[in-house]
Amino acid sequence: MTRPGGLWQNWSRTERVRPQRVEYPPTVAAVRRSVAAAAARGLPIKAVGAGHSFTGIAVSPGVLLELDDLSGLVSVDRERSRVRILAGTRLHRIPALLAPYGLAMENLGDIDRQSIAGAISTGTHGTGSRFGGIATQIVGATLVTADGDLLTVDDEENPELLPAVALGLGALGILVDVTIQCVPAFVVQAVERPEPLDDVLAHLERRFADADHFEFYWFPHTDVALTKTNTRLPADTVTAPQPLLARWVDDILVGNGVHQAVCSVGRTAPAAVPAINRLSAKVWGDRSFSDASHRVFATARGVRFREMEYAVPVERLGDAFRGLQRVVEEHGRPIEFPVEVRTAAADDRWMSTAYGRASGYIAVHRYWRADPTAYFAAVEEVMRAHGGRPHWGKMHTQDAASLRALYPRFDDFVALRDRLDPQRRFRNAYLDRVLGG
Ligand SMILES: Cc1cc2nc3c(=O)[nH]c(=O)nc-3n(C[C@H](O)[C@H](O)[C@H](O)COP(=O)(O)OP(=O)(O)OC[C@H]3O[C@@H](n4cnc5c(N)ncnc54)[C@H](O)[C@@H]3O)c2cc1C
């Protein structure tokens, strides 16, 4: 979010920049003018979404495009259940756009504050072994390329580019609209409860395979996993949503409020963290409810944190998790934030963390005022030993040399970048690091 005075900073406060220009193009034509004008001035240019990436992927020191005014529905293909929406549309606005057509997005991540373009560009994902990340729901896109031209990518035009453009790291151009393959609206039944961690680990594969959407949180220094098992049900299922007050108490007051207190105490009295984590694990979640899919998938995140997340081949998830447990044991300082474990199906997006392999995700967090460096470095070593690929929007230390070995289509992506942006108008320091200059 750009503040008055022109300072932009990301949600986790890991990145900040004062761009030379901030522009708010309300139309596709205006985006094209911005790109052409930046080229004439010799300035790099980038679009940002909600600034929810923890890495510097969205940092734009030249011209920063805020696309909040480029938001809403363009068209609907009722026959194929596809909607074309403008790239700046925030995820939380999409359900209302889809509701009149009885449609929904197939799967979502933990929150819905991101823009659709930002979410797909870094490979944002939820959980579910039979479902891909959000970029796999994209069947078409329109891009403003470095020369200010429009590039259409869909079934008919340039279809071979879709696996690159749908998860393009912001490196290929400015997305102005995307087409989402939707599914009929559906209800999700959620069951959330604390369970012995060892029981969950003992049947890890089955737990993920048996549910539509399974995930668990582990509170470090405890033997408790908070499991979430979501089941997809038809849209006409009679729902039992959480009453608003209960949702507020559970998500905001208990989830975020208790956790804020834990994090604050953790800074002044770290020795108390293990006991508080045990308490958190008890009060945080033992509930069952059902509601429209988007209301169940997305939750509120009121406590600011920093995050690193790695995708490992799903068959190595258990070993990678045990490696992480050893890191926590040996770390020396208590960890106040839960670890999140999810899965996704293999997909074909060239730069997807799940490209060509079913994946298990392990995400580690630290309170934003705590220094994550040593903890994240130790976890990263474990994940790399298991062939882990880092989430593009979350903190990591890898560079083009190491990432090339992890992505079979890495060189194809770089070649496409060379073709679409030979002068690197969409570059920034993060992209130089992860893709090469
Ligand atoms: C509280 C929180 C919860 C999160 N939960 C999850 C989760 O459950 N799963 C998960 O996978 N990730 C999660 N993330 C990470 C987040 O989804 C990604 O970092 C996502 O990219 C952020 O979207 P954004 O709109 O904020 O994009 P930004 O961070 O603003 O930008 C991301 C990238 O998209 C590019 N971009 C934005 N708009 C355009 C455009 N129009 N054209 C071309 N490029 C564009 C930017 O240049 C940049 O490269 C979470 C992050 C936070 C802070």
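Numbering of residues starts from 1 in each chain and follows the order in which that chain's sequence is written. At least 70 in pLDDT is required for a residue's local features to be given in this predicted model, at least 80 for side-chain atom pairs to be given and counted, and no such filter applies to totals for whole chains, interfaces and linings, which use all residues. Side-chain measures were taken over the full set of non-hydrogen atoms in the model, leaving aside hydrogen atoms and water.

Notes on the nonpolar core
Okay, step 1: The nonpolar core is taken to be a set of buried Ala, Val, Leu, Ile, Met, Phe, Trp, Tyr and Cys residues, with the residues joined through side-chain atoms within 4.5 Å. Buried, partly exposed and exposed residues are distinguished by accessible area as a fraction of the type maximum, computed with a 1.4 Å probe on protein chains only: under 20%, between the cut-offs, and over 50%, respectively. Within the largest apolar cluster, 59 residues are counted, with the highest numbers of intra-cluster contacts made by I116, I180 and W392.
Okay, step 2: Only runs of H or I of at least four residues qualify as helices and only runs of E of at least two qualify as strands under DSSP, and these elements are numbered from the N terminus. In terms of residue count, the dominant contributor to this core is helix α13 (residues 410-420) (five residues).
Okay, step 3: Viewed by domain, this core spans two of them, domain 1 (73-184) and domain 2 (186-390), each represented by three or more residues.
Okay, step 4: Between two residues, a contact is recorded if the distance between any of their heavy atoms is within 4.5 Å. Beyond its immediate chain neighbours, meaning those up to four positions away, W392 contacts T55, I57, T122, L167, L169, M351, L403, Y407, Y430 and V434.
Okay, step 5: Counting residues in hydrophobic clusters, the runner-up holds 29 residues, among them V200, W218, F321 and M383. For every domain, the bounds stem from an assignment made automatically or drawn from a database.

Concerning the site of the ligand
Okay, step 1: Nearness is defined per residue: one heavy atom within 4 Å of the molecule or strand is enough. Around the ligand, the surrounding shell holds 37 residues, and the nearest of these are A47, G49, H52, S53 and T122.
Okay, step 2: At 2.7 Å from an oxygen atom of the ligand is found a main-chain nitrogen or oxygen belonging to H52.
Okay, step 3: At a separation of 2.8 Å, a nitrogen atom of the ligand approaches a polar backbone atom of L175.
Okay, step 4: Here the accessible surface of atoms and residues is derived via Shrake-Rupley with a 1.4 Å probe, and residues count as covered only by protein chains that are part of the display. With the chains in place, 99% of the 980 Å² that the ligand exposes on its own is no longer accessible.
Okay, step 5: Taken together, the elements giving at least two residues each to the shell around the ligand come down to β4 (45-48), α3 (116-121) and β11 (174-181).
Okay, step 6: If you tally residues by element for the shell around the ligand, the top one is α3, at four residues.
Okay, step 7: Here the term charged refers only to Asp, Glu, Lys and Arg, the term nonpolar to Ala, Val, Leu, Ile, Met, Phe, Trp, Tyr, Cys and Pro, and the term polar to all other amino acids, Gly among them. Along the lines of polarity and charge, the residues of the shell around the ligand split into 16 nonpolar, 16 polar and five charged.
Okay, step 8: Each of domain 1 (73-184) and domain 2 (186-390) contributes no fewer than three residues to the shell around the ligand. By the criterion applied in these results, polar contacts are pairs of N or O atoms within 3.5 Å in which, for protein atoms, one can donate a hydrogen and the other can accept it, and in which residues neighboring in sequence qualify only through two side-chain atoms.

Section: unusual backbone geometry
Okay, step 1: The phi dihedral of S81 is positive, around 55°, even though this residue is not glycine.
Okay, step 2: With respect to the secondary-structure elements, S81 resides in the loop between β6 (73-77) and β7 (82-86).

Re the domain arrangement of the protein
Often the size quoted for an interface is simply the accessible area lost on bringing the parts together.
Okay, step 1: Taken domain by domain, the protein comprises domain 1 (73-184) and domain 2 (186-390).
Okay, step 2: The quantity reported as buried area is the accessible area (1.4 Å probe) lost by two parts once they are put together, taken as the sum for both. Across the domain 1 to domain 2 interface the summed buried area is about 2500 Å²; carbon plus sulfur atoms make up 53%.
Okay, step 3: Of all residues in domain 1, D110, H125 and T127 give up the largest surface area on contact with domain 2, accounting jointly for 26% of the area buried on that side.
Okay, step 4: The salt bridge definition used is simple: a Lys or Arg side-chain nitrogen within 4 Å of an Asp or Glu carboxyl oxygen. Applying the counting rule to domain 1 against domain 2 returns two salt bridges.
Okay, step 5: R342 serves as the salt-bridge partner of D110, at 3.4 Å between the closest nitrogen and oxygen.
Okay, step 6: For the pair domain 1 and domain 2, the interface holds 18 residue pairs in polar contact (both at pLDDT 80 or more).
Okay, step 7: When contributions to the side of domain 1 that touches domain 2 are tallied by element, the ones reaching two or more residues are α4 (162-165) and β12 (183-184).
Okay, step 8: Its residues assigned to classes, the side of domain 1 that touches domain 2 comprises 16 nonpolar, nine polar and five charged.

Let's talk about the layout of surface pockets
Okay, step 1: Detection works on a 1 Å grid of protein atoms alone, calling trapped sets that fit a 1.4 Å probe cavities and calling open sets with protein on both sides within 12 Å along at least five of seven lines pockets, with lining residues defined by an atom within 4 Å of a point. Grid points are joined across faces, edges and corners, and a volume is the space filled by probe spheres set on the points. If you add up the space inside the second largest pocket, you get close to 270 Å³.
Okay, step 2: R80, R84, G140, D154 and T179 are, among the 18 residues lining the second largest pocket, the residues nearest its centre.
Okay, step 3: Looking at the lining of the second largest pocket, the elements that each hand over two or more residues are β6, β7, β9 (138-144), β10 (150-153) and β11.
Okay, step 4: Looking at which element gives the most residues to the lining of the second largest pocket, the answer is β9, with four residues.
Okay, step 5: Of the residues assigned to the lining of the second largest pocket, the class counts are five nonpolar, five polar and eight charged.

Some points on empty space enclosed by the protein
A probe matching the size of a water molecule, rolled over the atoms, marks out where space remains unfilled.
Okay, step 1: As enumerated under the stated definition, the model contains three cavities of 30 Å³ or more in all.
Okay, step 2: In this model, the largest cavity occupies a volume close to 120 Å³.
Okay, step 3: Around the largest cavity, the lining is made up of 16 residues, and of these D110, E215, N230, V296 and F297 lie nearest the centre.
Okay, step 4: Looking at the lining of the largest cavity, the elements with two or more residues in it are β14 (213-218), β15 (224-234) and α9 (293-297).
Okay, step 5: Sort the elements by how many residues they give to the lining of the largest cavity and β14 lands first, with three residues.
Okay, step 6: Broken down by class, the residue content of the lining of the largest cavity amounts to four nonpolar, seven polar and five charged.
Okay, step 7: A domain-level breakdown of the lining of the largest cavity finds at least three residues from each of domain 1 (73-184) and domain 2 (186-390).

Digging into the sheet that holds strand β5 (residues 63-66)
Okay, step 1: With parallel pairing, three strands are arranged side by side in an open sheet as β3-β5-β4. Of all the strands in the sheet, the pair left with one neighbour each is β3 (21-23) and β4. The mean inter-strand angle of the sheet, taken between neighbouring strand axes irrespective of direction, is 25°.
Okay, step 2: A strand pair is defined by DSSP finding two or more bridges across the two strands. Of the pairings in the sheet, the one linking β3 to β5 comprises three bridges and is parallel in character. Within the sheet, the bridge partner assigned to E23 lies in β5 and is L65. In this analysis, axes come from line fits to C-alpha atoms, helices being fitted only over the stretch in contact, and the angle between any two N-to-C directions falls in the range 0 to 180 degrees.

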